[in-house]
Amino acid sequence: MEERSRIVLLALAVRLVLAPFFMHAGDVGTIYESSIMALNGQNMYNFVYARTLQMQNAAGIPVFFEGYAYHPLLVYLFVPFYWLFTLIAGTSPVMIDGHYPSLPALIYPWTPVLLLILKLPIILADLVVVYLLAGIDLRKAKIYAFCPYVIFISVIWGMFDAFVAVFLLASYLTSSRSNALSGFFYGLSLLKLYTIVLLPLYLVRLFGRWRALLEFLGGFALTLLPVAYFLVASPTSIWNVLVTFQGTRLMGGVNMYNFIWVVQDLVFDLVVSWIPNVILLVALVVVVPKFGRRAPLLESILAVMFLYFLFGKVINEQFLVSILPLILLSKECDHRLWIAPFVFIFLRSPAYYFALPILWTSPFFYSFYLQADVLWRQLQAAGYLQIPMYAVGVAFSLAVFWNLMRILRSTQAAVAPDSADSRSIS
Amino acid sequence: MTSGERGLKLKGSLTVFFAIYIIALSFIPILHDTFLTQARWAGYGTGAYQYQNQHYFILFNDPYDGSSKPHIHVNPDFAPASRVSLLEFSDWTSWVDDHNLFNEFNVTIRTNPQSLDVTYARPQIVLHKFVEASPDSVKVSFRCDREFKAHLEIWRWVMTSINGMTVKDVPKPLSIAPTTLIEFTFSDDRLQSLGQGSIVLSALPAEMKIWPHEKGFNKITIDFVNSEMSFTVSGSMSSVGIPSLIWSYAMLPSVLPLVAISVVLLYLLVDKYGRTLKNRAAGPSS
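Residues numbered from 1 in each chain as written. Chains lettered and ligands numbered in written order. Predicted model: local features only at pLDDT ≥ 70, side-chain atom pairs only at ≥ 80, totals over all residues. Heavy atoms only, no water.

Re the overall build of chain A
Moving on, step 1. A count of helices and strands for chain A gives 21 helices and four strands.
Moving on, step 2. Its C-alpha radius of gyration of 22 Å places chain A within 12% of the 22 Å reference for a compact globule of 426 residues.
Moving on, step 3. By its C-alpha atoms, chain A is 70 × 55 × 45 Å across when sized along the principal axes.
Moving on, step 4. The buried share among the 426 residues of chain A stands at 59%.
Moving on, step 5. A separation threshold of at least 6 residues defines the contact pool for chain A, and within that pool the share at least 24 residues apart is 76%.
Moving on, step 6. Split by element, the accessible area of chain A, about 16,700 Å² in all, is 69% carbon and sulfur.
Moving on, step 7. Between the centroid of the 25 positive side chains of chain A and the centroid of its 19 negative side chains there is a distance of 7 Å. (Helix = DSSP H or I, 4+ residues; strand = E, 2+ residues; numbered from the N terminus. Rg over C-alpha atoms; globule rule 2.2 N^0.38 Å. Buried < 20%, exposed > 50% of the residue type's maximum accessible area, 1.4 Å probe, protein only. Contact = heavy atoms within 4.5 Å. Areas by Shrake-Rupley, 256 points an atom, 1.4 Å probe, with all protein chains shown as cover. Lys, Arg positive; Asp, Glu negative; His and termini not counted. Charge placed at Lys NZ, Arg CZ, Asp CG, Glu CD.)

Right, dumping it as structure tokens:
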């Protein structure tokens, strides 16, 4: 068997073994309930918006229900798999509630089956990335295939940034051959919205090449059709969920901004959360025109995404998966960046939380969960976890900054007239 | 100046900017706590509220949790950053007109400069719970436009005495003569200190009961029928020993700048040291 196929199959095997037994209840629960709604023709944005209004009415502050806040296409990647699950297990609920702060009720033996089937599209996305990378460099494919961080996010957490990774990689790889395809894949990478920061880069690069720009925009526009549909069908809901929530949410995550979690004053926190927005805008305005047109696309994409990782106000643990394939392809970047978000996962969420499908199988395990949770909450309440979380956040920001500097320096060297001199100093 | 020199200078400037940016941001929590948090209600999380003045820290939990409604803490004069639990009102274990306050009412929370206004609504009744803090006390009031029957439970783990009685005197739950003044004592091992607190009721209740639990009393239950009732809670602590260095969540804002400075310094050292190694490897030509 050729090495490329062997790596893909091994990557598949590792993921299939883990997938049925772990999950992030909140995120997998969101995909599960959204798939049910989509299959039944219901509008998930209306559901999320209604819950948000309910929460805001109860709390009297601008809190948001954290449910399905993604591109509408996303749910349709899961719906066929959920439908497949209903053919096996029927339509009775298998995972009941699970949105923070509730814990889900899980129904056996169907929960592991549901988890395996719902994670199949994520696993497929991972495998396509591995396959594409293996066609370029086997060593890099192996790194992605067996990176503990990628495996954790995709099959233990059950988060789908692998979709963003595969579509962003495809957009980059097809850019030299077909602008329409590149635009189409870029549009698909917006399943998690944060790659929107790359749009100015693509536009600036194609500016003046009108035919190429039109092709790109044509491919991109295709992916926006579902958004257009929901904007017509339920404008207030989708606007509130995608724009108001995503645009005005509280800063934090694996970055230097998570200190804000210590400041328990939401109105103040939301005001402060505008600081990174402003800095990000300024950074994009400076970097995109200066480097975007002349620098190689790979480095340009990474530079813009690194700027987002530095100044974007919300950087969740899983976001780095989206650009890890591109990081691996770049000679300037250090792929070990994943270590910080990987460590952060276990500071923000207790490890046992991901094992609920195992712990919920027996009252004995459940009591273990309760005991461990008391200890965890004591650590949280005392503030012991916030300190390492902040330290890791700052360290990750600095590591991203270091990689960005390397990219900018190499890019500058490549475009500057006296580039040889520049390289010798760097 | 060559482009290489320009690049190096740019990198240096960006590094300085970024280091200052990180460190400056890390001071936001302490600036907030110093200038903005005193004596006002601040909402956060999924709808919880907190209030801090010189003597009291009050937590009112979000609508999805029936505990701490509110939970009143005292800040001892000798350890102002410490928050010692004084009393907790619980909606989990309180009933109005035989309906549980947490499970059987729709709750909405609003604030005004003076108080937290929590509205409990059911088809037959709308009840307000107000929480007002002053430098000396915290007042929790229940108001309704008609008379209502209430069973409230007020918790502390644990009170060493209530109105002069200890668990030695009261081994089983005991109904005490209704009164408008409840005085209790407690101790805090971490701070090596003794505390005293009081609850002043605005009217005589129908029934009062104190509940022993191992080393002290852990709750006081109060039943009343009225259209309004307020509980004015106050407390203080005095040190009897030398407390060891106590860590408290309230100290986090002071620690974050230290963390930021340490991590940034480490980065700068590694960056500089790494370059020195590279320069050494490159030899004198660099």
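There's more to say after this.
Details of the nonpolar core
Moving on, step 1. Residues Tyr144, Phe306, Phe309 and Phe311 of chain A together with Ile199 and Phe231 of chain B are the most contacted members of the largest nonpolar core, which totals 235 residues.
Moving on, step 2. For this core, the leading source of residues is helix 15 (residues 297-311) of chain A, giving 13 residues.
Moving on, step 3. Not counting the four nearest positions on each side in its chain, Tyr144 of chain A is found in contact with Arg15, Asp126, Val129, Val130, Leu133, Val150, Ala162, Ala165, Val321, Leu324, Pro325 and Leu328 of chain A. (Core = buried A, V, L, I, M, F, W, Y, C linked by side-chain atoms within 4.5 Å.)

Focus on the pattern of salt bridges
Residue and element names in this part refer to chain A.
Moving on, step 1. Following the criterion strictly, the structure yields 17 salt bridges over all chains and no others.
Moving on, step 2. The partner of Asp126 in a salt bridge is Arg15, and the shortest N-O contact between them spans 2.9 Å. Highlighted residues: Asp126 in helix 5 (residues 110-136) and Arg15 in helix 1 (residues 3-18), separated in sequence by 111 residues.
Moving on, step 3. On the basis of relative accessible area, Arg15 is assigned to the buried category, the value being 0%.
Moving on, step 4. Ionic contacts of the salt-bridge type, sharing partners, join the residues Glu3, Arg6 and Lys142 into one network. (Salt bridge = Lys/Arg side-chain N within 4 Å of Asp/Glu carboxyl O.)

Quick look at helix 10 (residues 199-206) of chain A
In an α-helix, one turn spans 3.6 residues; hence positions three or four apart end up facing the same way.
All names here are of chain A.
Moving on, step 1. Three or more residues of helix 10 are buried, namely Leu199, Leu201, Tyr202, Arg205 and Leu206. Down the axis of helix 10, the sector holding all buried residues measures 165°, keeping them to one side.
Moving on, step 2. Close packing links the buried residues of helix 10 with helix 8 (161-174), helix 9 (179-189), helix 11 (210-233), helix 14 (274-292) and helix 15.
Moving on, step 3. Following helix 10 by one or two positions, Gly208 has its phi on the positive side, about 95°. (Arc of directions from axis to C-beta.)

Digging into the interface of chain B and chain A
Moving on, step 1. Residue-level contacts link 50 residues of chain B with 50 residues of chain A.
Moving on, step 2. When chain B packs against chain A, close to 4,400 Å² is buried across both sides, 70% of that on carbon and sulfur atoms.
Moving on, step 3. Sorting the residues of chain B by area buried against chain A places Phe18, Tyr249 and Tyr267 of chain B first, and these three jointly supply 15% of that buried surface.
Moving on, step 4. Across the pair Arg40 of chain B and Asp265 of chain A runs a salt bridge whose closest N-O atoms are separated by 2.1 Å.
Moving on, step 5. Put simply, chain B and chain A have seven residue pairs in polar contact (both at pLDDT 80 or more) between them.
Moving on, step 6. Residue assignment for the side of chain B that touches chain A shows that the elements contributing at least two residues are helix 1 (3-26), helix 2 (28-35), strand 1 (41-44), strand 2 (48-52), strand 8 (106-111) and helix 3 (252-282) of chain B.
Moving on, step 7. Considering each element in turn, the side of chain B that touches chain A owes the most residues, 15 residues, to helix 1 of chain B. (Buried area = accessible area lost by both parts, 1.4 Å probe. Polar contact = N/O pair within 3.5 Å; in protein donor to acceptor, adjacent residues only side chain to side chain.)

Regarding a nonpolar patch on the surface
All names here are of chain B.
Moving on, step 1. A contiguous nonpolar patch, built from Phe27, Leu31, Phe35, Leu36, Ile261, Leu265 and Leu268 and spanning about 620 Å² of accessible area, is present on the exposed surface.
Moving on, step 2. At the level of secondary structure, the elements contributing two or more residues to the nonpolar patch comprise helix 2 and helix 3.
Moving on, step 3. For the nonpolar patch, the element with the highest residue contribution is helix 3, accounting for three residues.
Moving on, step 4. Mapped onto the fold, Phe35 is located in helix 2. (Patch = residues over 30% accessible without salt bridge, like charges linked within 9 Å, V, L, I, M, F, W, Y side chains within 5 Å.)

Examining the packing of helix 7 (residues 148-157) of chain A against helix 17 (residues 339-348) of chain A
All names here are of chain A.
Moving on, step 1. The N-to-C vectors of helix 7 and helix 17 enclose an angle of 40°; their axes lie 9 Å apart at closest approach. Taken together, the axes of helix 7 and helix 17 lie oblique to each other. At the point where helix 7 passes helix 17, the crossing takes the left-handed sense. Note on element contacts: helix 17 touches helix 7 through Pro341, Phe342, Ile345 and Phe346, opposite Pro148, Tyr149, Phe152, Ile153 and Trp157.
Moving on, step 2. Classifying every residue of the contact of helix 7 with helix 17 gives nine nonpolar, no polar and no charged. (Axes fitted to C-alpha atoms, helices over the stretch in contact; angles between N-to-C directions. Parallel < 35°, antiparallel > 145°, perpendicular 65-115°, else oblique. Left-handed = near helix turned anticlockwise from the far one by under 90°. Nonpolar A, V, L, I, M, F, W, Y, C, P; charged D, E, K, R; others polar.)

Quick look at the environment of Met251 of chain A
All names here are of chain A.
Moving on, step 1. When you line up the elements, Met251 lands in the loop between helix 12 (235-248) and strand 3 (252-253).
Moving on, step 2. With 64 residues separating them in the primary sequence, Met251 and Ile315 have C-alpha atoms 8.2 Å apart.
Moving on, step 3. Sequence-distant contacts of Met251, that is, excluding residues within four places in its chain, are made with Tyr257, Phe259, Ile260, Trp261, Val272, Ser273, Pro276, Lys313 and Val314.

What about the confidence of the model for chain B?
Residues and elements named next belong to chain B.
Moving on, step 1. Of the residues in chain B, 93% reach a pLDDT of 70 or more, and the chain-wide mean stands at 90.
Moving on, step 2. For the stretch residues 282-286, pLDDT sits under 50, and the model shows one contact to residues farther than four places along the chain or on other chains.
Moving on, step 3. Confidence estimates for the predicted assembly give a pTM of 0.90 and an ipTM of 0.90. (pLDDT = per-residue confidence, 0-100.)

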